[in-house]
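# Tertiary structure, described
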Amino acid sequence: MLLETENHTIKHHSPLTTRTRQLSDTKSQDYGETINLPPVRVEKDKSLSESSEIVKTTDSSLLENQEIKEDSESLNTLSASMQTIVETTTSQLEKSEQSANSTDELNTIVLHTQKPEPRPRKSKQSVAKNLISNESESLIQSMHENAIVSNEEFKGMENYSTNASISTDKFLTTREQKHIAESLQVTPASTLESSRHERKYSRPTTVPSTAANLNSAAREQRRQRASHTQDIKYVNILLLGTSGVGKSTFINALVNYHAFETLQEARSNSPHVVMPVSFPLSVGDQFEEHMVTFGDDDANEDHHHPGQSVTQHCRSYLFPIDSRTKLRIIDTPGMNDTRGIDQDDLNMQHILSFINNLSHLNAICILLKPNESRLNIILRSYFTHLFSFIGENVYKNVVFCFTHTRSTFFAPGNTAPLLREMINKLPMNGVRFLKSNTFCFDSESFRYLIALNNGIEFDAFEREEYEKSWLPSTTESKRFIHYICEDLEPIMEEKWQSIEHVQFKINEIIRPLLETVRNCIRNIILFQEESYDMFIKLSSFAVQYSSAICYQCERTPKQFNGVLILPDDIHILTDKCNDCGCSKNKHGEIKYTLDYQSIQKPPKEFVNELQKTIKQLTESLLEFAQIYASTNENVQNNDPVVSALKRMINEESQLCSYEENQNDINSKLHQVLNDLLEKYKNKRSVYKSNKISIDLSSIYSHIRESSAMKEVAEQLGAIKQAQDIYMKEHEKQVL
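Residues numbered from 1 in each chain as written. Predicted model: local features only at pLDDT ≥ 70, side-chain atom pairs only at ≥ 80, totals over all residues. Heavy atoms only, no water.

Helix and strand content of the protein chain: 24 helices and 18 strands. In the protein chain, which comprises 735 residues, the share counted as buried stands at 47%. Contacts in the protein chain between residues at least 24 apart in sequence constitute 78% of all its contacts with a sequence separation of at least 6. Accessible area for the protein chain stands at about 37,800 Å²; split by element, carbon and sulfur atoms hold 48% of it. (Helix = DSSP H or I, 4+ residues; strand = E, 2+ residues; numbered from the N terminus. Buried < 20%, exposed > 50% of the residue type's maximum accessible area, 1.4 Å probe, protein only. Contact = heavy atoms within 4.5 Å. Areas by Shrake-Rupley, 256 points an atom, 1.4 Å probe, with all protein chains shown as cover.)

Structure, rendered in structure tokens:
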């Protein structure tokens, strides 16, 4: 309630929701209109009656809300604050009456509420029923109709009336409660003097009312907390293309197109270096050839062997789109490598292994040139491998990007019918080739920019042509980014379900699973040996480099509680082993090392848990057999389960021959592992002879259940740490 006299302005805040403003016979400077208000005489008894009515209504609302015990103290505090304000209002009314006796008219506007018709009672959990009474809702509506609050503010109050919560311990922070208590103080009239224009385009500096303040303060608090805790959105794009199509140049150009609106702006600043670029350029009347370079040397970019893929390994480039979004473009080795189809197969396996570390994939971008005479068969092979790995969910996330399209008027040219024909012949349906998912760029303007930085001069005609091609490429890059970020749903890794993908998951879990089984068997044998009172505990540690164990080199065993164990002897592995002269295929790549500790022998009940663990993991192991029973002979010969079990059996056999071995614990372990191998082979033969179809859902279920077991989960956690290290080493932050 706002009462204005010659000397005082009193602002009354209900604990519910109010907003007032001072209106007088003034001319609006913003709109040039005069607001004439009829003089109103305020009578003391009437004003006191109105004030008393507010108190009664509020008390009634307070009694009505006593159903929630934990909020009674907060409501009593608000009621006491209201009572203080009403008493202050009464005192000021008496002074106003004395002033009114000496003047003819008192220019005061009294905003009051009328009790609305009762609304249907909501549940006890209804926030609006607990905090905002029917009277406050009527007041909000009245204020909106009389233009005292803007449409935006009215919507905020209305939303608050249906969403606010009276539970101060759940809804309001301590800071918000203090802020609201301060807002209940009397506000001088000078702070309320703001024009309609100011109210429309800016938020008032004073707190207009208790409920409105509750709404805005709580919203602001949540916004500030969210600004610190909200995760960055990562948009992952896999970039594929034949060798020489210009993937590296495309990434460099895309970053600069996004950063600079015009070529002039790009020239005024330093171009962004994402990765080194090198290309020949002929200029002048004599066609003088220059080798243009951009960026520092990078071991992953080989510009010295034409025909081979310039990019040797997958690498990602991360740059921000806005404050909450980062684009991750994954550059890949090129298809149709001159080193042969075997190299293409290795490149494809490397690509699949790399993206298997991602939590999701937003788009697969196929980079092409316009006016191709034919599409290489390798491109179709890549399509098939990739779709077989991720599954049919990927079809809608394929986009096509064409480079060098200035000569074809920024269109796909003759490549379009060839691409459409190839898509129609694919064994899977659903890949789209439309304007919406096709983007045409020209990297020549970016090359022109780099050439200028290399000191190469161009004539006026060439400068004009390159400057013209920058604008459409910039426009297309924005459309490309918006389409992927806004129009496409990401493909989450947990939805990738295919035979090839499940093989990757089995390869990942097989060592943790079998090492857990082997250690459980060790401990059960130790429990049966009464002379031993200690158990063996596994610990795993992530490796920070590309590491492997050489199974050809001799390792020195260690003894734990009478059991001999061969430790992990780590070799650093690149294209060849840096620690021994053995061939690469004699090494087994690992992402974590195992350590062993002796612990006190637990009670008998623990042995029962070990037996349950072995049973569950063995069931999962046998379930994997159906995958390798249904594949070709080459895959069966490289069955990772068989390979891992054979390696363990060979290790135990080697340990049995050591003189230090004074018992038969390793012999017993050797026998159990050998029995497990035979059982697995028999299961695989059954699947193969009966031609039982693969139940992918069952296999994924077993992988999830096995991954949740403690020792397996710890080893998988170490693998995840190693993967994170690898990804960081192969990722570059841009801008």
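Once that is clear, we can look at the sheet that holds strand β17 (residues 587-600). Spatial ordering of the open sheet is given by β16-β13-β17, a layout of three strands whose pairing is antiparallel. What marks the edges here is a single partner per strand, and that holds for β16 (570-572) and β17. Across this sheet, the average inter-strand angle for adjacent strands is 15°, counted without regard to direction. Judged from the three bridges that link them, strand β13 (residues 534-550) and β16 form a sheet pairing that is antiparallel. Bridge pairing in β16 places Ser547 opposite Ile572. Contacts from helix α24 (residues 710-729) reach β13 and β17, with the element oriented near 20° to β13. (Pairing = 2+ DSSP bridges. Axes fitted to C-alpha atoms, helices over the stretch in contact; angles between N-to-C directions.)

On to the packing of aromatic side chains, then. With the rule as written, the count across this model stands at 18 aromatic pairs. For the ring pair Tyr448 and Phe458, a centre distance of 4.9 Å and an interplane angle of 65° mean the geometry is edge-to-face. Placement of the pair is Tyr448 in helix α15 (residues 444-453) and Phe458 in the loop between α15 and α16 (460-487), with a sequence separation of ten residues. Judged by its relative accessible area of 10%, Phe458 is buried. For the pair Phe527 and Phe535, a centre-to-centre distance of 6.4 Å together with 80° between the ring planes defines the contact as edge-to-face. Taking relative accessible area as the criterion, Phe527 reaches 25% and is therefore assigned partly exposed. An aromatic cluster of at least three residues, connected via ring pairs, comprises Phe250, Phe439, Phe441, Phe480 and Tyr483. Over the ring of Phe279 we find Arg447; its NZ or CZ atom is 4.5 Å from the centre of that ring. (Phe/Tyr/Trp six-rings, centres within 6.5 Å; stacked < 30°, edge-to-face > 60°. Lys NZ or Arg CZ within 6 Å of the ring centre and 35° of its normal.)

Packed helix pairs are specified by the crossing angle of their axes together with the interaxial distance, meaning the distance between the axes. Running from N to C, helix α17 (residues 499-528) and helix α21 (residues 640-656) point in directions that differ by 35°, and their axes come no closer than 10 Å. With respect to the hand of their crossing, α17 and α21 are arranged in right-handed fashion. Here α17 contributes Ile506, Asn507, Ile510, Arg511, Leu514, Glu515, Arg518 and Arg522 to the contact with α21, which in turn contributes Pro640, Val641, Ala644, Leu645, Arg647, Met648, Glu651 and Glu652. A per-class count over the contact of α17 with α21 returns eight nonpolar, one polar and seven charged. (Left-handed = near helix turned anticlockwise from the far one by under 90°. Nonpolar A, V, L, I, M, F, W, Y, C, P; charged D, E, K, R; others polar.)

Now for the pattern of salt bridges. Following the criterion strictly, the structure yields 21 salt bridges and no others. Between Arg328 and Glu731 there is a salt bridge, with its nearest N and O atoms 2.5 Å apart. Of this pair, Arg328 sits in strand β7 (residues 325-331) while Glu731 sits in strand β18 (residues 731-733), and the two are 403 residues apart along the sequence. Overall, Arg328 belongs to the buried group, its relative accessible area being 13%. (Salt bridge = Lys/Arg side-chain N within 4 Å of Asp/Glu carboxyl O.)

In this section: the side chain of His702. In this fold, His702 is placed in helix α23 (residues 696-707). The contacts of His702, once residues within four sequence positions are left out, are Glu619, Ser620, Glu623 and Phe624.

The next point concerns the sheet that holds strand β9 (residues 363-368). Two modes of strand pairing occur in sheets, parallel and antiparallel, and in both the strands are linked by backbone hydrogen bonds. Taken together, seven strands build an open sheet; the order of strands is β11-β10-β9-β3-β7-β6-β18 and the sheet is mixed. In this open sheet, the two strands that pair with only one neighbour each are β11 (438-440) and β18. Direction aside, neighbouring strands of the sheet carry axes that sit 25° apart on average. Pairing of strand β6 (residues 315-322) with β18, which is carried by three bridges, proceeds in the parallel orientation. For Leu318, the partnering residue across the bridge sits in β18 and is Gln733. Helix-sheet contacts for helix α13 (residues 377-390) involve β3 (233-241), β9 and β10 (398-402), and the interaxial angle to β9 is about 180°.

Of all the positions in α15, only Ser445, Phe446, Tyr448, Leu449, Ile450 and Ala451 are classed as buried. On its buried side, α15 packs onto α10 (247-259), α11 (263-268), β4 (277-283), β5 (288-294) and α16. Gly455, located one to two residues past α15, shows a positive phi value of around 85°.

Attention now moves to the nonpolar core. Ranked by internal contacts, the top residues of the largest apolar core, which has 53 residues, are Leu514, Leu621 and Tyr680. Counting residues per element, this core draws most heavily on α17, which supplies twelve residues. For Tyr680, the residues in contact, after removing those within four places along its chain, are Leu621, Leu622, Phe624, Ala625, Tyr628, Asp639, Val641 and Val642. Core analysis: the second largest hydrophobic core is formed by 42 residues, Leu238, Ile390, Phe400 and Phe433 among them. (Core = buried A, V, L, I, M, F, W, Y, C linked by side-chain atoms within 4.5 Å.)

Looking now at the side chain of Asp568. One can find Asp568 in the loop between β15 (563-565) and β16. Separated by 3.0 Å, the side chains of Asp568 and Arg511 make a polar contact. Beyond its immediate chain neighbours, meaning those up to four positions away, Asp568 contacts Arg511, Ile549, Arg555, Tyr592, Thr593 and Leu594. (Polar contact = N/O pair within 3.5 Å; in protein donor to acceptor, adjacent residues only side chain to side chain.)

A few words now on the packing of α10 against α16. Interhelical geometry of α10 versus α16 gives an angle of 95° and a closest axis separation of 9 Å. What the angle tells us is that α10 and α16 run roughly perpendicular. Together, Leu254, Asn256, Tyr257 and His258 of α10 and Trp470, Ser473, Thr474, Ser477, Phe480 and Ile481 of α16 make up the contact between the two elements. When grouped by side-chain class, the residues that make up the contact of α10 with α16 number five nonpolar, five polar and no charged. (Parallel < 35°, antiparallel > 145°, perpendicular 65-115°, else oblique.)

Per-residue pLDDT for the protein chain has a mean of 74; in total, 65% of the residues score no lower than 70. In this model, residues 61-71 is a region of pLDDT below 50 whose contacts with residues beyond four sequence positions or in other chains number 19 contacts. Segment residues 303-309 is flagged for pLDDT under 50; beyond a separation of four residues in sequence, or across chains, it makes 18 contacts in the model. (pLDDT = per-residue confidence, 0-100.)

Another aspect to go through is the state of the cysteines. Per the counting criterion, the structure on display carries zero disulfides. Left without a disulfide partner, Cys401 is nearest to the cysteine sulfur of Cys365, which lies 3.2 Å away. (Disulfide = S-S within 2.5 Å.)

What follows concerns the environment of Arg432. Of note, Arg432 is situated in the loop between α14 (415-425) and β11. Using a relative accessible area of 30% as the deciding quantity, one classes Arg432 as partly exposed. Separated by 32 residues in sequence, Arg432 and Phe400 place their C-alpha atoms 9.4 Å apart. A polar side-chain atom of Arg432 sits 3.1 Å from the main-chain carbonyl oxygen of Lys396. At 3.3 Å, the side chain of Arg432 forms a polar contact with the side chain of Tyr483.

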